[in-house]
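Below are the chains, spelled out letter by letter.
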Amino acid sequence: MSKKTVHILGICGTFMGGLAVLARELGMNVSGSDQNVYPPMSTQLEALGITLKSGYTPDNLPPESAVINAATVIVGNALSRGNTELEAVLNRRFSYVSGPEWLAKEVLSQHRVLAVAGTHGKTTTTSMLAWILQSAGLQPGFLVGGVPRNFGVSARLSPLLSVTASDFAPQPNTMPPFVIEADEYDTAFFDKRSKFVHYRPEVAILNNLEFDHADIFPDLAAIERQFHHFVRTVPGNGTLVANADDANLARVLTMGCYSHLLQFSTRNKCAEYYAEALTPDASHFAVFQQQRLIAEVRWNLVGQHNLSNALAAIAAACAFGVAANVAASALASFDPPKRRLEHLGDVAGVSVYDDFAHHPTAITVTLAGLRAKLGTRRIHAVLEPRSNTMRLGTHTHELAPALSAADQVWLLRRPELPWNAEAALAPLGEKAVVLASSDEILAGLRDTLRPGDAVLFMSNGGFDAIQKRLLDQLAANH
């Protein structure tokens, strides 16, 4: 029997690249294209023998004879009508499918699914949950929108899953677990539902909910409706693990809850699961279930936001049958994913950190966590407003308060930014600097930094590799 063939449009995104890894593990022939083929995903995929094409063109597609041989094109949600390669897929009658739909059919149907949803902390919490299940001996599969450092890859099948699993129907209780980062972004050009409605989890985490993705959602109510649709997909004998401290999630739950509801909190001691920081930076905390101490965690992470993420992961793991002390022990050896307050190095007495923060709330909690860790050391916050929501200017009135904990603020204003960055940061006074290029920011940092300072870069993109360039610059000057 010939191997199945898949061609992936938008392959270098973390989600679509993860699908490529899973398809390869399933024994399929995999190729893909993207507007720009770039590391680290391109490097990871090429090492697996996956053919990558830079740019979109009909020539990238498998031969038309492959239509008869059941070649499938997986279409990423960044692709729109008018894209030349996508138009060729439609005109040549290729079989095509969205990424979430392919994942649900080819992978999730063979696993017991645990899904992590929320505006913030999805990647970190998904990585925590996967590591807890791994430490408990359950050997989960996973797909994470980043690279969990405990695993070194963004996606894998469960080692317990045979590549021939699709040839039979295993009993649900014998299936291995699969942990997935459940994104509320839309699915594809032909399916405007959120990705997570395809996943049908047995255990689902609702971590938090705020307005984001202003390019596809008109208001918060529209996102709440999608979260409600996600809640509807959890079976009656499944478990919904929800943050009791989030008023927006409370509204979602009033629309209907059809599964066992398990709530967690870092504020209310009467919640089913409650966690309390035992140190100012939350690097040591206690976990309670029904007001009974069940575990203590000492780990390398800091910040109240990570404490909340950890509590969600512990509660979900316990709902899946893992003992609380096993979960706590796993978190003691947990390394956060890359670009989640990642310490890149210390050069000439300056500490350099990198974070994915691209929303005012994420910026606030990331800075708070770093401040708790570093005390009175000077912190330089360097921000690239790169997400669609940030570029549209949806959160401009929240930027200055979010950045206020920094001692010095640097903002990269690219030409396409449609809002007045200087006006947005005016409440910060002279400690805020707006510059038009990363080169100018580097020059400003060079003239300002002194031993004992810390620099925190925040962007959900490459940021012109400014992080490495600063480290190289510091080393050269030193």
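Use the structure listed above.
Predicted model only: the values in this text are computed from it and were never measured.

The rules behind each value
Within any chain, residue numbers begin from 1 and follow the written order of that chain's sequence. Selection of residues for local features in this predicted model requires a pLDDT of at least 70, selection of side-chain atom pairs for listing and counting requires 80 or more, and totals for whole chains, interfaces and linings are taken over all residues. Hydrogens and waters are ignored; side-chain quantities use all the structure's heavy atoms. Within this scheme, the nonpolar core is defined by two criteria: the residues are buried Ala, Val, Leu, Ile, Met, Phe, Trp, Tyr or Cys, and they are joined through side-chain atoms within 4.5 Å. Buried, partly exposed and exposed residues are distinguished by accessible area as a fraction of the type maximum, computed with a 1.4 Å probe on protein chains only: under 20%, between the cut-offs, and over 50%, respectively. Here a helix means four or more residues in a row that DSSP labels H or I, a strand means two or more in a row labelled E, and each is numbered from the N terminus. Note on definitions: a residue-residue contact is assigned when non-hydrogen atoms from the two residues lie within 4.5 Å. Strands were regarded as paired on the criterion that DSSP finds at least two bridges between them. Expected span, for any helix, means 1.5 Å times one less than how many residues it has. Geometry is summarised by axes, namely lines fitted to C-alpha atoms with helices restricted to the contacting stretch, and by angles between N-to-C directions that run from 0 to 180 degrees. Here the word oblique covers every angle except those under 35 degrees (roughly parallel), over 145 (roughly antiparallel) and from 65 to 115 (roughly perpendicular).

1. Remarks on the nonpolar core
W102, L103, V107, L143, L206 and F227 are the most contacted members of the largest nonpolar core, which totals 52 residues. With seven residues, the single largest contributor to this core is helix α1 (residues 14-25). Once residues within four sequence positions are removed from consideration, W102 is found in contact with V6, L19, L22, A23, L26, M28, I74, V97 and V107. A295, A310, I314 and A324 belong to the second-largest nonpolar core, a separate cluster that totals 45 residues.

2. Side note on the pairing of strand β23 (residues 454-458)
When you tally the buried positions in β23, you get five out of five residues, the bulk of the element. Here β23 shows no split at all, with A454, L456 and M458 on one side and V455 and F457 on the other all buried. Strand direction decides the pairing type here: strand β19 (residues 350-355) and β23, joined by five bridges, are parallel. Within the sheet, the bridge partner assigned to S351 lies in β23 and is A454. By the bridge criterion, five bridges tie strand β20 (residues 379-383) to β23 in an arrangement that is parallel. Opposite L383, over in β23, you have M458 as the bridge partner.

3. Concerning helix α10 (residues 360-374)
Its 15 residues place the ends of α10 21 Å apart at the C-alpha level, agreeing with the 21 Å of an ideal helix rising 1.5 Å per residue. After α10 finishes, the residue G375 shows a positive phi value of roughly 65 degrees.

4. Regarding the sheet that holds strand β18 (residues 342-347)
Taken in spatial order, the six strands of this open sheet run β18-β19-β23-β20-β21-β22, and their pairing is mixed. A single partner strand is all that each edge strand has here, and the edge strands are β18 and β22 (432-435). Pairs of neighbouring strands in the sheet enclose a mean axial angle of 20 degrees, with direction left out of account. By the bridge criterion, four bridges tie β20 to strand β21 (residues 408-412) in an arrangement that is parallel. Within β21, the residue paired with L383 across the bridge is L411. Of the strands in this sheet, β20, β21, β22 and β23 touch helix α14 (residues 438-448), which is tilted by about 165 degrees from β21. Set on the sheet, helix α15 (residues 466-477) makes contact with β18, β19 and β23; between it and β18 the angle comes to about 15 degrees.

5. Comments concerning the packing of α10 against helix α12 (residues 396-403)
At a minimum axis distance of 9 Å, the contact between α10 and α12 shows a crossing angle of 0 degrees. Viewed along their axes, α10 and α12 adopt a mutual orientation that is roughly parallel. In this structure, α10 uses P360, I363, T364 and L367 to contact α12, whose residues at the interface are E398, L399, A402 and L403.

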